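One letter stands for each residue in the lines below.
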Amino acid sequence: MNSGEKPLPTFESALADLEQVVHELEDGQIGLEAALARYETGVKLLRHCYSFLNQAEQRIQMVSGVDASGQPVLKPVVPETSP
Amino acid sequence: MTMFVSAGMPAGVKVFTISEVASQIRELLEEAFPSLWLTGEISNLARPASGHVYFSLKDSSAQIAAVIWRGNAARLRFQLKDGLEVVARGHLSSYAPRSQYQIQIDQLLPKGVGELELAFQQLKAKLSQRGWFDPERKKPLPRFPRRIALVTSPTGAVIRDMLRILLRRWPAIEIVFYPVAVQGEGAAREVAQAIQRLNQWQSADVVIVGRGGGSMEDLWSFNEEVVAEAIYHSRIPVISAVGHETDFTIADFVADRRAATPSEAAEIAVPDRQEVLSSLTASQRRMTAVLMERIKKATQYVNQLAQRRALRLPLERLRTLQQLLDEKAERLQRGLRRYLEGQTRRLQQTAARLDTLSPLNVLRRGYSLTVIESCETLLRAAEKATIGTRIVTQLAEGKLVSRVEEVIAGAGKTP
């Protein structure tokens with residue numbers, strides 16, 4: 001962590017956190033108030049996961065060459081919408 | 001050439017120089033055997049720095065010196081070694097400095113086994129010996145990759161199929177397509193270089209290398225050591241997908257994961273969005289159900305407590321306290337209910353946006369719903385049924401009607 005600000009979790013870690021919340025709630029070891037707080041966290045994680053899955057921003061690039069400094073020259077590709 | 005060599009020799013005798021004889025013998029040999037096929041076993045193999053290869057070809061009773069010049073030697077796909085039975089084509093000549101006759105080979109094939117087959121077996125044995133195929137050194141694939149690199153031919157169905165499958169299963173993906181030649185001269189080097197550069201650029205968190213089906217000759221690039229090396233040294237996990245189900249290449253053995261076909265590689269590389277959505281929905285349901293149950297139990301407990309105190313403590317002061325407690329209990333109940341309703345509404349709004357919330361999806365994944373046949377009450381707890389009750393189980397496909405044989409109560413939850 002390089003700054004005090006909390007970055008948005010990756011999908012993978014959000015999903016892992018959500019699974020942990022569900023597990024804790026089902027386990028029933030935490031108090032009611034804590035359970036409510038965990039539930040709220042779970043709802044936030046769910047919303048994050050859903051919005052990630054719905055963003056669906058596809059990006060396809062093709063390596064069309066290598067520039068003088070050895071870095072890739074990328075050009076966007078539009079996928080064919082064949083049946 | 002005749003010349004005066006020594007006194008005492010008969011006049012007119014022809015005296016040869018060594019070089020003359022050596023060169024005439026060489027010419028005779030070359031004229032007599034301009035091209036021949038020869039079979040035998042390799043022995044005394046030597047590969048000096050010049051790149052030429054020297055050895056003897058022998059059978060049980062004779063041997064002939066053999067040489068393969070550098071250019072031809074570089075084209076050999078399999079490894080030469082002593083004891084290997086081979087068939088050679090070449091011409092006979094003589095090495096003048098030692099007047100040793102030899103076969104100069106321009107084509108060499110292993111005996112009894114295909115050239116490519118032998119090369120494949122040799123490289124496989126060598127890399128296996130080095131531990132390059134060990135399962136312990138295979139890197140795990142990321143569960144939710146963000147960028148996938150595809151190293152394959154820009155033409156043909158393979159790239160189209162992979163893109164289609166990747167985008168269908170996991171739309172939130174970035175794809176870097178690195179086009180390469182996948183067969184013919186130089187193809188192996190192109191594939192290897194692509195893998196190296198993708199590593200250098202850190203362009204992806206998983207790489208798929210592959211091509212469609214073809215002959216062993218067509219797939220050969222993926223059996224070359226340079227490709228094996230690139231895969232072995234890749235820090236990015238590599239999925240190898242070459243040809244069809246039955247084609248195994250060296251690349252497949254070195255890769256972190258082998259896919260039977262390029263399409264399968266695309267399916268392995270990314271999760272399925274629909275399945276992930278279904279599991280999210282299930283988590284949402286489970287979370288809500290557990291919380292509802294706990295709130296119900298907490299409410300009952302508070303009510304019980306309030307009633308008991310009302311019966312046993314008639315004193316005014318205690319009545320006041322009791323009233324206070326009742327109010328608090330009611331407020332807690334109201335508060336919880338309001339909170340829960342709010343959360344449920346938010347969940348429903350999220351859920352409404354998804355087309356996957358149908359209980360049919362849940363059923364399709366193997367869950368089922370059970371109701372009591374007579375009153376159609378949904379069964380959530382075993383105690384709600386009694387022995388002999390007819391119950392109807394709704395499956396994804398059809399229903400089952402059964403009679404309860406035994407009731408096993410579930411473990412109670414703490415309030």
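Residues numbered from 1 in each chain as written. Chains lettered and ligands numbered in written order. Predicted model: local features only at pLDDT ≥ 70, side-chain atom pairs only at ≥ 80, totals over all residues. Heavy atoms only, no water.

Attention now goes to the overall build of chain A. Per the secondary structure count, chain A includes two helices and two strands. Reading chain A from its N terminus to its C terminus gives the helix and strand order α-α-β-β. Here the contacts in chain A between residues at least 6 apart in sequence split such that 33% fall between residues at least 24 apart. Accessible surface computed for chain A: about 5,300 Å², of which carbon and sulfur atoms make up 52%. (Helix = DSSP H or I, 4+ residues; strand = E, 2+ residues; numbered from the N terminus. Contact = heavy atoms within 4.5 Å. Areas by Shrake-Rupley, 256 points an atom, 1.4 Å probe, with all protein chains shown as cover.)

What follows is about the sheet that holds strand 10 (residues 257–258) of chain B. What links the strands of a sheet is backbone hydrogen bonding, and the strands pair in either a parallel or an antiparallel sense. The strand order across the open sheet built from seven strands is 2(A)-1(A)-7(B)-6(B)-8(B)-9(B)-10(B), with neighbouring strands paired in mixed fashion. Only two strands of the sheet have a single neighbouring strand rather than two, namely strand 2 (72–76) of chain A together with strand 10 of chain B. Relative to strand 10 of chain B, strand 9 (residues 238–242) of chain B runs parallel, the two sharing two bridges. Bridged to B:Ser240 within strand 10 of chain B is B:Arg258. In the packing of helix 4 (residues 157–169) of chain B onto the sheet, contacts are made with strand 1 (59–66) of chain A together with strand 6 (147–152), strand 7 (174–179) and strand 8 (206–211) of chain B, and the angle to strand 6 of chain B comes to roughly 165°. (Pairing = 2+ DSSP bridges. Axes fitted to C-alpha atoms, helices over the stretch in contact; angles between N-to-C directions.)

This next bit is on the nonpolar core. All names here are of chain B. Residues Phe 55 and Leu 57 are the most contacted members of the largest nonpolar core, which totals 60 residues. Counting residues per element, this core draws most heavily on helix 5 (residues 187–201), which supplies seven residues. Discounting chain neighbours no more than four positions away, the residues touching Phe 55 are Ile 42, Ser 43, Asn 44, Leu 45, Ile 64, Ala 65, Ala 66, Ile 68, Leu 80, Ile 105 and Leu 108. The next biggest cluster of nonpolar side chains, apart from the first, holds 53 residues, and it includes Met 162, Ile 175, Phe 177 and Val 276. (Core = buried A, V, L, I, M, F, W, Y, C linked by side-chain atoms within 4.5 Å. Buried < 20%, exposed > 50% of the residue type's maximum accessible area, 1.4 Å probe, protein only.)

We now examine the interface of chain B and chain A. On the chain A side, the residues contacting the 44 residues of chain B number 43 residues. Here chain B packs against chain A, burying approximately 4,200 Å² in sum over the two surfaces, 66% of which is carbon and sulfur. On the surface where chain B and chain A come into contact, there are three salt bridges. The greatest single-element share of the side of chain B that touches chain A, amounting to 15 residues, is contributed by helix 9 (residues 273–312) of chain B. Of the strand pairs in this sheet, strand 1 of chain A and strand 7 of chain B are connected by four bridges, and their pairing is parallel. Opposite A:Ile60, over in strand 7 of chain B, you have B:Ile175 as the bridge partner. (Buried area = accessible area lost by both parts, 1.4 Å probe. Salt bridge = Lys/Arg side-chain N within 4 Å of Asp/Glu carboxyl O.)

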